[in-house]
Amino acid sequence: MRLRVEFTTEPFDLDEAPAHALVAREVVGNAALDSVDVGPFGNTAEGGSDEVLAAVNALLRETLAAGATRVSLQVNVIDAEAAGEAPEGGR
């Protein structure tokens, strides 16, 4: 199964990237993901479910330790059927 995670860390600082934002970039940049897009107000990454979930675990732990007061994220399943896999709960 392939997953896409979209995330932001807060608090925002428009003048300079805060430490937690830099840590988030490093975590997803070093993860074994297929696609990473880092922007000033939102970030996305895609990959296999194990890789994305491991990256999310590290992202949460490391950004909170670096001073994030909020991490907003959304995880979506993408292309499960196209990859020949049954959807969760399916046959």
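Residues numbered from 1 in each chain as written. Predicted model: local features only at pLDDT ≥ 70, side-chain atom pairs only at ≥ 80, totals over all residues. Heavy atoms only, no water.

Draft legend 1. Representation of the nonpolar core within the structure. One finds L3, V5, F7, A24, V27, V28, L33, A45, V52, A55, V56 and L59 forming the largest nonpolar core, which totals 12 residues. Here the element with the most residues in this core is helix α2 (residues 49-65); it accounts for four residues. Residues within four places of V27 in sequence aside, it is in contact with A55, A58, L59 and E62. (Core = buried A, V, L, I, M, F, W, Y, C linked by side-chain atoms within 4.5 Å. Buried < 20%, exposed > 50% of the residue type's maximum accessible area, 1.4 Å probe, protein only. Helix = DSSP H or I, 4+ residues; strand = E, 2+ residues; numbered from the N terminus. Contact = heavy atoms within 4.5 Å.)

Draft legend 2. Molecular detail of the sheet that holds strand β4 (residues 70-78). An order of β2-β3-β1-β4 is seen for the four strands of this open sheet, with the pairing classed as antiparallel. Looking along the sheet, the strands with just one partner apiece sit at the ends: β2 (35-38) and β4. The mean inter-strand angle of the sheet, taken between neighbouring strand axes irrespective of direction, is 15°. As defined by bridge partners, β2 adjoins strand β3 (residues 43-48) across four bridges and the pair is classed as antiparallel. From the neighbouring strand, V36 faces β3, where its bridge partner is A45. Running at roughly 165° to strand β1 (residues 2-10), helix α1 (residues 19-30) makes contact with β1 and β2 of the sheet. (Pairing = 2+ DSSP bridges. Axes fitted to C-alpha atoms, helices over the stretch in contact; angles between N-to-C directions.)

Draft legend 3. Spatial organisation of the side chain of E46. One can find E46 in strand β3. What makes E46 buried here is its relative accessible area of 17%. At 3.1 Å, the side chain of E46 and the side chain of R2 are in polar contact. With near-sequence residues (within four places) excluded, E46 lies in contact with R2, L3, R4, L33, D34, S35, V52 and I78. (Polar contact = N/O pair within 3.5 Å; in protein donor to acceptor, adjacent residues only side chain to side chain.)

Draft legend 4. Focus on the pattern of salt bridges. Under the counting rule described, the total for this entry stands at four salt bridges. R2 is the salt-bridge partner of E46, the closest N and O atoms lying 3.1 Å from each other. Of this pair, E46 sits in strand β3 while R2 sits in strand β1, placing them 44 residues apart in sequence. On the basis of relative accessibility, which here comes to 26%, the residue R2 falls in the partly exposed class. R4 is the partner of E46 in a salt bridge, and the nearest nitrogen-oxygen pair spans 2.8 Å. On the criterion of sequence distance, the pair formed by E46 in strand β3 and R4 in strand β1 is long-range, its members being 42 residues apart. Here the residues in one salt-bridge network are R2, R4, D34 and E46, joined through shared partners. (Salt bridge = Lys/Arg side-chain N within 4 Å of Asp/Glu carboxyl O.)

Remember that the coordinates give geometry; whether it matters functionally is a separate question.
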